[in-house]
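One letter stands for each residue in the lines below.
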Amino acid sequence: MKSLTTLWPMDILKTSSSVRITALALFSLTLFLFLFTRFSPTTYSPLTFFSATSSAAEPSPQQPPPSPPPPPGGKIFRVPLLPPVERMGVLDGNGVMTEDFRVGELDSGFEEDSLNGSVSLNGSVSLNGGVSRGVKEGGGVREKVEKYKVCDVRKVDYVPCLDNEEAMERLKGSVRGEKYERHCPEMGLDCLVPPPKGYRRPILWPRSRDEVWFSNVPHTRLVEDKGGQNWISIKKDKFVFPGGGTQFIHGADKYLDQISEMVPDIEFGHNIRVALDIGCGVASFGAFLMQRNVTTLSIAPKDVHENQIQFALERGVPAMVSVFATHRLLLPSQAFDLIHCSRCRINWTRDDGILLLEANRLLRVGGYFVWAAQPVYKHEENLQEQWKEMENLTAHICWELVRKEGYIAIWRKPIDNSCYLSRDIAVHPPLCESNDDPDNVWYVGLKACITQVPSNGYGANVTKWPLRLHQPPDRLRSIQLDAIISRDELFKADSKYWYEIIESYVRAFRWQEYNLRNVMDMRAGFGGYGSITFLAFFSCFLLRLSVVRFL
């Protein structure tokens, strides 16, 4: 072996001892620089290893580092103030959101009034039996609310804001459907609405699509009126739903196939995911769309066929009582990919087309309106006149008649404002004022004007299902939130949060054993609860209630 004194300088660097010493020195220097930049006082400028044009490393989301001071002579960027937004609070007596509230002491007369049962909650619901108060051991006050009594059996189908007898009597002669709208009484019920006599646990989905217990919805009016149209029939102790309708007597499946063949771009379950069925009957249209991955909201008024929505909900189909009359529906703009009306008994052209303009507000950019009715295919003079009026109105609001075949006509809403802006200024209906908020719906009257398409394209460029379930939509930018640039992150975090919550519910409370079908989410937010519940754990639908628009 050669001695160390006979080695050349380069040979010395190649020895194992030298390599170890060099590596240790580099590691020590790196560790020193890291600790120095990490824990040095703020009065020192941090060491910089990249030029000003280099991209900064993205901070860790768990523990974001403090922002360094601006370099000498560098430009200081100021974050703009947040715009005013509607923040969460409580509702005042007029239903307006407010943060101006105070929790104080009980009124002096509360105890006396509560003992005789005259205390009301929010001025609407009276307590049956009142509130009794006593003193706990060791001080403090114990309050006990007596159980509510059960209402009279005649209240079995009672809906407070729709069965207001005083309002209905006052509007008895109305011709625009006002009596079917919401008219809430000053005082609510002081009892619990009873279930129908002989009520049984509902038949589970998917069997409930085709049959329900007669005792759960004991009404025969629809059977008497529509039994010959393949809607509904009675078989022993059950209602049976063959799947037909007035315009699709041979079944909803064949009807949906015909629509798909007429306009292949409709592509149920991909391009079309959310639909609205107006005048739904027993909701067979929506029930059969479910197997095509389409969620349909079925709506109908509480009229002579007052049990339509009860049948839909008993079957396990999303539904709500609603009517096209004089006020906007309680739904946001651009909520639906497709709107369907099959013999829905609505005069779309009355009052300068004000009802069809409401449908236009609800329809997503590029969405489809499907109309199956007698004026489409019958040749009687009065029906042909109705068809001509519908043709003219749809042309004036820039809808394209994509296909007319047999008893079905299908229009498409425009994808931008070019047609609206090129119309003659004298053409009616006019465009809505620029300050009109299409998402302002709470007791807002209908407007005979065209809601323009958002110029930024929001609502038009949604992705196909199921990708759109998890991809933040562009229209998040138009929702009033405290966040400015972090909306996509909030959307994703909402889904992750609810996945963990629901997974724990399922594991701890054995939710899957409950066979849930109809679920209501009272504060939907971004819809994370509904999307995770639907996709990951249950075959159920959710009616989402929220202060923001549908996504």
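Definitions and cut-offs
- Residues numbered from 1 in each chain as written.
- Predicted model: local features only at pLDDT ≥ 70, side-chain atom pairs only at ≥ 80, totals over all residues.
- Heavy atoms only, no water.
- Helix = DSSP H or I, 4+ residues; strand = E, 2+ residues; numbered from the N terminus.
- Buried < 20%, exposed > 50% of the residue type's maximum accessible area, 1.4 Å probe, protein only.
- Contact = heavy atoms within 4.5 Å.
- Areas by Shrake-Rupley, 256 points an atom, 1.4 Å probe, with all protein chains shown as cover.
- Phe/Tyr/Trp six-rings, centres within 6.5 Å; stacked < 30°, edge-to-face > 60°.
- Lys NZ or Arg CZ within 6 Å of the ring centre and 35° of its normal.
- Expected span 1.5 Å × (residues − 1).
- Patch = residues over 30% accessible without salt bridge, like charges linked within 9 Å, V, L, I, M, F, W, Y side chains within 5 Å.
- Salt bridge = Lys/Arg side-chain N within 4 Å of Asp/Glu carboxyl O.
- Pairing = 2+ DSSP bridges.
- Right-handed = clockwise from strand over helix to strand, strands pointing away.

A.B. asks: So what about the overall build of the chain? Which residues, and what values?
C.D. replies: A tally of regular secondary structure across the chain gives 14 helices and 20 strands. Buried residues in the chain amount to 37% of all 551 residues. For the chain, the proportion of contacts with a sequence separation of at least 24, taken over those separated by at least 6, is 60%. As presented, the chain carries roughly 34000 Å² of accessible surface, and 56% of it is formed by carbon and sulfur atoms.

A.B. asks: Mind laying out the packing of aromatic side chains, listing which residues take part and the relevant values?
C.D. replies: This model, assessed by the stated rule, comprises 18 aromatic pairs. Aromatic side chains Tyr-377 and Tyr-407 sit 6.2 Å apart centroid to centroid with 70 degrees between the ring planes, which places their arrangement in the edge-to-face category. Of this pair, Tyr-377 sits in helix H10 (residues 374–377) while Tyr-407 sits in the loop between strand E17 (400–405) and strand E18 (408–412), and the two are 30 residues apart along the sequence. Its relative accessible area of 23% is what places Tyr-407 among the partly exposed residues. The rings of Phe-324, Trp-348, Phe-369, Trp-371, Trp-387, Trp-399 and Trp-411 are connected pair by pair, giving a single aromatic cluster. For the cation-ring pair, Lys-155 lies above Tyr-158, with the distance from its terminal atom to the ring centre recorded as 4.2 Å. Of note, Arg-517 hangs over the ring of Trp-205, and the distance from its end group to the ring centre comes to 3.7 Å.

A.B. asks: How would you summarise helix H13 (residues 487–509) if you had to cite specific residues and measurements?
C.D. replies: Given a rise of 1.5 Å per residue, 23 residues ought to cover 33 Å, and the 32 Å separating the end C-alpha atoms of H13 matches this to within 8%. The complete set of buried residues in H13 reads Arg-487, Phe-491, Asp-494, Ser-495, Ile-502 and Val-506. Once H13 finishes, Arg-510 follows within two positions and takes phi at roughly 55 degrees, a positive value.

A.B. asks: Got a sec to walk through the side chain of Thr-296? Specific residues and values, please.
C.D. replies: Tracing the chain through its elements places Thr-296 in strand E13 (residues 295–300). Residues within four places of Thr-296 in sequence aside, it is in contact with Ala-275, Leu-276, Asp-277, Phe-285, Gly-286, Leu-289 and Pro-318.

A.B. asks: Which residues make up a nonpolar patch on the surface, and what are the values?
C.D. replies: On the surface, Tyr-505, Phe-509, Tyr-514 and Leu-516 cluster together into a nonpolar patch covering about 370 Å² of accessible area. Within the element layout of this structure, Phe-509 appears in helix H13.

A.B. asks: Which residues make up the pairing of strand E15 (residues 336–342), and what values go with them?
C.D. replies: Across the seven residues of E15, seven count as buried, placing the element largely inside the fold. Bridge count between strand E12 (residues 274–278) and E15: four bridges; the pairing is parallel. Bridged to Ala-275 within E15 is Leu-338. Relative to strand E16 (residues 363–372), E15 runs parallel, the two sharing six bridges. If you follow Leu-338 over to E16, its bridge partner there is Tyr-368. The handedness of the E15 to E16 crossover, carried by helix H9 (residues 350–362), is right-handed.

A.B. asks: I'd like a description of unusual backbone geometry, backed by residues and values.
C.D. replies: Residue Trp-205 is joined to Pro-206 through a cis peptide bond whose omega torsion reads 10 degrees. You can see Pro-206 is positioned in the loop between strand E8 (191–192) and strand E9 (211–213). With omega at 0 degrees, the peptide bond leading from His-428 into Pro-429 counts as cis. For Gln-334, which is not a glycine, the phi torsion comes out positive at approximately 50 degrees. Position of Gln-334 among the secondary structure elements: in the loop between strand E14 (319–321) and E15. With a relative accessible area of 5%, Gln-334 lands in the buried category. The phi angle at Cys-398 is positive, at roughly 70 degrees, despite the residue not being glycine. Locating Cys-398 in the fold gives a position in the loop between helix H11 (381–396) and E17. Using a relative accessible area of 10% as the deciding quantity, one classes Cys-398 as buried.

On their own, these measurements won't tell you what the molecule is for.
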